[in-house]
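# Understanding the architecture of this molecule
Here are the chains, one letter per residue:
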Amino acid sequence: GGSITLESIRISAPSDVPLALLVFPGEPFALQLEYDTGRYSPAMARRLLRCTARALEGLARPDTRTAAEVDVLDPQDRETLASWSRSPVSEPPVRDVLDLFDQAVRATPDAPAVRDPSTTLTYAELDEAANRLAHRVLRESPEAEHLLGIPADPVAGSIVSILACLKAGRGYVTFDPDQPETRLRQILEHTHRVLARGLDGARTSAIDTRGLDGEPATPPSVERREDRIAYAVFTSGSTGKPKGVVVERGALARSTCARLAWYDTSPGRFLLLSSLAVDSSVAGLYWTLCTGGCLVLPPSRAEQDVAGLGALMKREAVSTTLLVPGLYQALLEGVDPTRLESLDCVVVAGDVCPASLVAHHHRRLPGVRLVNEYGPSEATVWATAGDLETGDEARITIGRPVPFVRLYLLDDAGRRVPPGASGEICLGGDTLARGYLGTDTPDSDRFVADPFRRGGRLYRTGDRGRFREDGRLEFLGRLDHQLKIRGFRVEPGEIERVLQSAPGVVEAAVVRADPATPEVDDLVEALLERAGDDAENLLNRLLERA
């Protein structure tokens, strides 16, 4: 009933809410965003406000039937995302890995190419040994699409076998001969022959790698076609069986040439800590042998003795290595820095890199380059990379796409999410694997048509990520329950199926838990009480083996 009129109001008060959207009614109504400047940049806040406005406008259109049809990206965002989805490094010319290796042989025939604890092969010796074995492979495995098994022993002979397969135009599968026999059989059933003298307990015919003096020392005349299989690598599968990822020579060539362009230097003396049975070994193997470096193979299980590993690195003057973050953390903590003085570059991959490791690295080894790589086997070893420098500890990134890779962050409807928003990491480009061995793999739907490139394909990684304001990518975890253990991909479904096949087991569930939590201790104690002494003895043996 009075004459007071409220014309405007402004509220200024501390708040623990980091982000608040205020809506002011009217024609038109207004939106105002209040945000914590410690968490959000002005550019990010403006983008979020623009996306909100575009979402509301899209929902209000009469022809909009579902929310999935609403496009929240404006032309500026599209241009930004297009730039971030490609590598900042130009795509180099593509050359087959054997062409690059041949170049290194001609340039440095007497330089050491491979060193294991008992053998050193020069480039000329490695080339000649691989040529002789390749002729035998061609004679005993005549089909071009044959896959040949190679035991993943860390010895120079394994490298000879790998190169021989490629020289013969055949694909190879490296496998750990110490795996349980059932799993070994599941892998070897996809191979035609094995390059070994025989494997205990495994039913497979072998191509003997001895007595090759009568074979020609010159390379066989074989066409190096991009669409031929280079190798297959087996990862954990949700069906209870390992699944084989098939990589063609063209993808291997592009992945390797991308590495040479991205690093722009030879790794020098590269210590191969990855097992030859996993695809991260592909990175160091071809990076080294295609640039004239020396591939250093450690003794078997060397990662279990960090002190001995440090002594090896000093003795061999190792300049570059690639390893999982957990092993590198143990190396930094357990080895005197003077034993690591020869290092120029350390690459961490295969698992999440913690901020504490970045800080520790730069304290112990200032001036040594630290690179974080990311990529699934289906993208031929890697897809993104980035240097981790002092000051990056606050927010670790997996860098930018490498050459030949296109990277998109997509929502559930297959649309690109705005810069700064989280989405599934989807990979396109010319380094994607052919697919999986066999036709009964349920994960085949991971490879889908690329909606942004006619005739292209995308691989849906199942990983979540977001672009930072500088275009670098943050890894935010999994969309499913897949685990990474010491760099190995583990599908809980595979373990569940094995458990369910055991007599007396009706249902099984596998979840990740911290062994230090009281709940895990209580569960183990309860199981032991029910199962008795036999189970306790079994558990102790398992723990000792782990």
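The text that follows walks through the structure, step by step, so that each part is easy to find. This is a predicted model, so every value here is computed, not measured. (Residues numbered from 1 in each chain as written. Predicted model: local features only at pLDDT ≥ 70, side-chain atom pairs only at ≥ 80, totals over all residues. Heavy atoms only, no water.)

### A word on the overall build of the protein chain
Just so we agree on the cut-off: Strands are runs of DSSP state E lasting at least 2 residues, helices are runs of H or I lasting at least 4, and numbering of each runs from the N terminus. Residue exposure (1.4 Å probe, protein chains only): buried if accessible area is under 20% of the type maximum, exposed if over 50%, otherwise partly exposed. What makes two residues a contact is simply this: any of their non-hydrogen atoms within 4.5 Å. Exposure was quantified through the Shrake-Rupley algorithm and a 1.4 Å probe, taking into account, for residues, occlusion by the shown protein chains and nothing else.
Per the secondary structure count, the protein chain includes 14 helices and 24 strands. In the protein chain, which comprises 546 residues, the share counted as buried stands at 46%. Within the protein chain, residue pairs in contact and separated by at least 24 positions form 65% of the contacts whose partners lie at least 6 positions apart. Carbon and sulfur atoms provide 50% of the accessible area of the protein chain, an area that totals close to 27,600 Å².

### Quick word on a nonpolar patch on the surface
Rules: Candidate patch residues must exceed 30% relative accessible area and have no salt bridge, after which like charges are joined if within 9 Å and Val, Leu, Ile, Met, Phe, Trp or Tyr side chains if within 5 Å. What makes a salt bridge here is a side-chain nitrogen of Lys or Arg within 4 Å of a carboxyl oxygen of Asp or Glu, nothing more.
Together, Leu-21, Val-23, Phe-29, Leu-56 and Leu-59 line one region of the surface with nonpolar side chains, adding up to about 460 Å² of accessible area. Listing elements by their share of the nonpolar patch, those giving two or more residues are strand 1 (19–24) and helix 1 (42–60). For Leu-56, the position within the fold is in helix 1.

### Section: the pairing of strand 9 (residues 243–248)
We count it as follows: When DSSP finds at least two bridges between two strands, those strands are taken to pair.
With five of six residues buried, strand 9 is to be regarded as a mostly interior element. Sheet analysis places strand 8 (residues 229–235) next to strand 9, joined by six bridges and oriented antiparallel. Among the inter-strand pairings, Thr-235 is bridged to a residue of strand 9, identified as Lys-243. Two elements, strand 9 and strand 19 (residues 435–436), share two bridges in a ladder whose sense is antiparallel. From the neighbouring strand, Val-245 faces strand 19, where its bridge partner is Tyr-436.

### What about the sheet that holds strand 13 (residues 345–348)?
One open sheet accounts for nine strands, arranged 4-3-11-10-12-13-14-15-16; its pairing is mixed. Because the sheet does not close on itself, it has two edges, and the strands there are strand 4 (120–122) and strand 16 (400–401). For strand 14 (residues 369–374) and strand 15 (residues 384–387), the ladder comprises four bridges, and the chain directions are antiparallel. Following the sheet pairing, Tyr-374 is matched in strand 15 by Thr-384.

### Points about the environment of Leu-473
By the element assignment, Leu-473 lies in strand 22 (residues 473–478). Judged by its relative accessible area of 0%, Leu-473 is buried. As for Leu-473 and Ile-396, which are separated by 77 residues in sequence, their C-alpha atoms are 8.9 Å apart.

### Describing unusual backbone geometry
Following Glu-27, the chain continues into Pro-28 via a peptide bond in cis, with omega recorded as 0 degrees. Here Pro-28 lies in the loop between strand 1 and strand 2 (30–35). A positive phi angle, near 60 degrees, is found at Arg-301, a position not held by glycine. Mapped onto the elements, Arg-301 comes out in the loop between strand 11 (294–296) and helix 9 (306–315). Positive phi values are uncommon outside glycine, yet Phe-404 reaches one of about 75 degrees.

### Section: the packing of helix 3 (residues 97–107) against helix 5 (residues 156–167)
Note the following rule: Lines fitted to C-alpha atoms define the axes here, with helix axes fitted over just the stretch in contact, and angles between the N-to-C directions of these axes take values from 0 to 180 degrees. Any angle between 65 and 115 degrees counts as roughly perpendicular, while under 35 counts as roughly parallel, over 145 as roughly antiparallel, and the rest as oblique. The hand of a helix crossing depends on one turn: near helix anticlockwise from the far one by less than a right angle means left-handed, and clockwise means right-handed. The residue classification treats Ala, Val, Leu, Ile, Met, Phe, Trp, Tyr, Cys and Pro as nonpolar and Asp, Glu, Lys and Arg as charged. All others, Gly included, are polar.
One can describe the packing of helix 3 onto helix 5 by two numbers: an axis separation of 10 Å at closest approach and a directional angle of 120 degrees. Between helix 3 and helix 5, the crossing angle belongs to the class labelled oblique. In this structure, the crossing between helix 3 and helix 5 has a hand that is left-handed. Each of Val-97, Leu-98, Phe-101 and Asp-102 in helix 3 lies in contact with helix 5, whose residues at this interface are Leu-163, Leu-166 and Lys-167. Partitioning the contact of helix 3 with helix 5 into residue classes produces five nonpolar, no polar and two charged.

### Section: the environment of Gln-179
Just so we agree on the cut-off: Whenever a nitrogen or oxygen atom comes within 3.5 Å of another N or O atom, the pair is scored as a polar contact, on the condition that within protein one atom can donate a hydrogen and the other can accept it, and that pairs from neighbouring residues in sequence are kept only if both atoms are in side chains.
Within the secondary structure layout, Gln-179 lies in the loop between strand 6 (171–175) and helix 6 (181–188). Residue Gln-179 is classed as buried on the basis of its relative accessible area, which comes to 19%. Of note is the side chain of Gln-179, whose polar atom sits 3.3 Å from the side chain of Arg-183.

### Description of helix 3
Those residues of helix 3 that fall on the buried side of the exposure criterion are Val-97, Leu-98, Leu-100, Phe-101, Asp-102, Ala-104 and Val-105. The inward-facing, buried residues of helix 3 contact helix 4 (123–140), helix 5, helix 7 (249–263) and helix 8 (280–289). Backbone nitrogen of Leu-98 and a side-chain oxygen of the N-cap are separated by 2.9 Å at the start of helix 3; the cap is Asp-96.

### What about the pattern of salt bridges?
Applying the stated rule across the entire model yields 37 salt bridges. Note that Asp-178 is salt-bridged to Arg-301, the shortest N-O span being 3.8 Å. Placement of Asp-178 in the loop between strand 6 and helix 6 and of Arg-301 in the loop between strand 11 and helix 9 is noted, with a sequence separation of 123 residues between them. The exposure class of Asp-178 is exposed, given its relative accessible area of 54%. Between Glu-424 and Arg-446 there is a salt bridge, with the nearest N and O atoms lying 3.7 Å from each other. One end of the pair, Glu-424, is in strand 18 (residues 422–429); the other, Arg-446, is in the loop between strand 19 and strand 20 (447–449), and 22 residues separate them in sequence. Its relative accessible area of 10% is what places Glu-424 among the buried residues. Arg-446 sits in the buried class, given a relative accessible area of 16%. One network of salt bridges, in which partners are shared, links Arg-47, Arg-50, Asp-74, Asp-77 and Glu-469.

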